[in-house]
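# Fold and contact review
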Amino acid sequence: MQQLPLLLLPKPQRSCFNCRWVWNPKSGANALNSAAGDYQGTDPTTWGKQYKAWPGPGGGLKTDDDQIDGVGVTVTGRVEHLVAPLGIATLDPRYSWHFSGGGRNVTQVSYHLRVTDDQRASVCSSGEVASATSNLVTCSHGSSAQRLEPGRVYLWTVSVHLSDGSVASMPPQRFSTGLQTRKDWDPSAEFIGLPQKVKTAAGKEVVCPWLRKSFTVTHAQVGAATALLSVASVGWHEVYVNGVKLEEASVLIPSVSDMHRRVLSHQYDVAGHLREGSNTLAFWAAPGWSQLTWPNKGGESNTAGTSYNISVAPLVMAQLSVCSGECSMLVATSASSGWKATPSNL
């Protein structure tokens, strides 16, 4: 297999590489509705007297004198509209939840929101808040305001106090924060790619190269709670760890952006893909949107149209960290750290 030279770009100093995080959610991103009863805006007492009886949760009938039963309530939640997201683009996320099951006309009376790090150490606790709000709630309560760090994994849960006197709690859910700006990245991480117009031995120009590196993982690092891979690319990328593609269902990552202003990045959880001893991290890179040029509209002579064209694309910057309380760097992209490039079949 032909070995290709690597191109090392200077570390970006301008806001065009102010890396923020983009998502390819596998579920809808609609906001959750408030966890109110089935008959919002009505007086359940009046409704019960008018109809004398109404269906209970088991399909039977309940009369006015029966107590509403909150047993069997399930609480589910999202962070920034997503279920267990990776690399959210904020350090002050908003939490949403709703509950299902239990009796009719059971509403939320108060909630208690808690956030911990991956070692279950408390990061934020709202205390019990007397409110029916359950959509896009931030965790803040006096001196216990939310203080999240970039590139870390967190757990969150919420206990919901219901109008029937019962309490329903959501099992802890994971999420992670993205690297918000270039300064959040490790100083050793750099954009790498190929020199312009590199050709194979057959004379074909290399457009979509493979970039790869082997590295060693210790027994302790394999057992770490979290292994986060952050990837920023000028153009599209696919990630492979030990020959296995990450996020098989995801394509065309990252999303569309004016790459003269910013480079979008993506985060992966690779904890289940690492093994003790030698490992290989590989990127299949393509120019993607970085080569797009849109002409001006209507043939206007005073506008130059829109151009995303970046001649040195594709480029990739990545870092892999393992965290178990404290985080340590495993590997980062750098032309001086043993990264290799080979042509692909495209």
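First, a word on scope: everything that follows refers to the structure included in this document.

### Some points on the overall build of the protein chain
Within the protein chain one finds two helices and 23 strands. Nonlocal contacts in the protein chain, meaning residues at least 24 apart in sequence, comprise 74% of its contacts between residues at least 6 apart. A total of about 17200 Å² of accessible surface is found on the protein chain, and carbon and sulfur atoms cover 51% of it.

### Description of the pairing of strand β14 (residues 226-234)
Burial of β14 is extensive: nine of the nine residues sit out of reach of the surface. Because side chains alternate across β14, one face comprises the buried residues Thr-226, Leu-228, Ser-230, Ala-232 and Val-234, and the other comprises Ala-227, Leu-229, Val-231 and Ser-233, equally buried. Inspection of the sheet shows β14 paired to strand β17 (residues 264-269) by five bridges, in the antiparallel sense. Residue Leu-229 lies in a different strand from β17, and its bridge partner there is Tyr-268.

### Focus: the nonpolar core
Of all hydrophobic cores here, the largest spans 29 residues; its most connected members are Leu-229, Val-270, Leu-274, Leu-281, Phe-283 and Leu-320. Where this core is concerned, the elements lending two or more residues are β13 (209-217), β14, β15 (236-241), β18 (277-286), β21 (315-324) and β22 (326-332). The greatest single-element share of this core, amounting to four residues, is contributed by β21. Excluding residues that lie within four positions of it along the chain, Leu-281 makes contacts with Leu-211, Arg-212, Lys-213, Phe-215, Leu-229, Val-239, Tyr-240, Val-241, Val-331 and Trp-339.

### Focus: the pairing of strand β7 (residues 108-117)
Among the ten residues in β7, eight count as buried, and that is most of the element. Between β7 and strand β8 (residues 122-129), which follow one another and run antiparallel, lie four residues, and Arg-120 among them has a positive phi close to 70°.

### Some words on the state of the cysteines
The full count for this structure, using the stated rule, is one disulfide. The disulfide partner of Cys-124 is Cys-139, and the S-S distance across this bridge is 2.1 Å. Disulfide Cys-124-Cys-139: torsion about the S-S bond near -100°, hence left-handed. With Cys-124 in strand β8 and Cys-139 in the loop between β8 and β9 (153-162), the pair connects residues that are 15 residues apart, well separated along the chain. Residue Cys-124 shares its accessibility class with Cys-139, and that shared class is buried.

### Examining the sheet that holds β15
The strand order across the open sheet formed by five strands is β16-β15-β18-β13-β23, and the pairing between neighbours is antiparallel. Strands with a single pairing partner mark the edges of an open sheet, and in this sheet they are β16 (244-245) and β23 (340-343). Of the pairings in the sheet, the one linking β15 to β18 comprises six bridges and is antiparallel in character. Bridged to Val-241 within β18 is Leu-281.

### Topic: the packing of aromatic side chains
Under the counting rule described, the total for this entry stands at seven aromatic pairs. An aromatic cluster is present here, built from Tyr-95, Tyr-154, Trp-156 and Phe-175 joined pairwise through their rings.

### Thoughts on the pattern of salt bridges
This model, assessed by the stated rule, comprises four salt bridges. Across the pair Lys-245 and Glu-238 runs a salt bridge, and its minimum N-O distance is 3.5 Å.

### Regarding the environment of Ala-189
Its location among the elements puts Ala-189 in the loop between β11 (173-176) and β12 (192-193). Between the alpha carbons of Ala-189 and Thr-333 there is a distance of 5.2 Å; along the sequence they are 144 residues apart. With near-sequence residues (within four places) excluded, Ala-189 lies in contact with Arg-182, Met-317, Ala-318, Gln-319, Ala-332 and Thr-333.

Cut-offs used in this document
Residues numbered from 1 in each chain as written. Predicted model: local features only at pLDDT ≥ 70, side-chain atom pairs only at ≥ 80, totals over all residues. Heavy atoms only, no water. Helix = DSSP H or I, 4+ residues; strand = E, 2+ residues; numbered from the N terminus. Contact = heavy atoms within 4.5 Å. Areas by Shrake-Rupley, 256 points an atom, 1.4 Å probe, with all protein chains shown as cover. Buried < 20%, exposed > 50% of the residue type's maximum accessible area, 1.4 Å probe, protein only. Pairing = 2+ DSSP bridges. Core = buried A, V, L, I, M, F, W, Y, C linked by side-chain atoms within 4.5 Å. Disulfide = S-S within 2.5 Å. Phe/Tyr/Trp six-rings, centres within 6.5 Å; stacked < 30°, edge-to-face > 60°. Salt bridge = Lys/Arg side-chain N within 4 Å of Asp/Glu carboxyl O.

These figures capture arrangement, not role.
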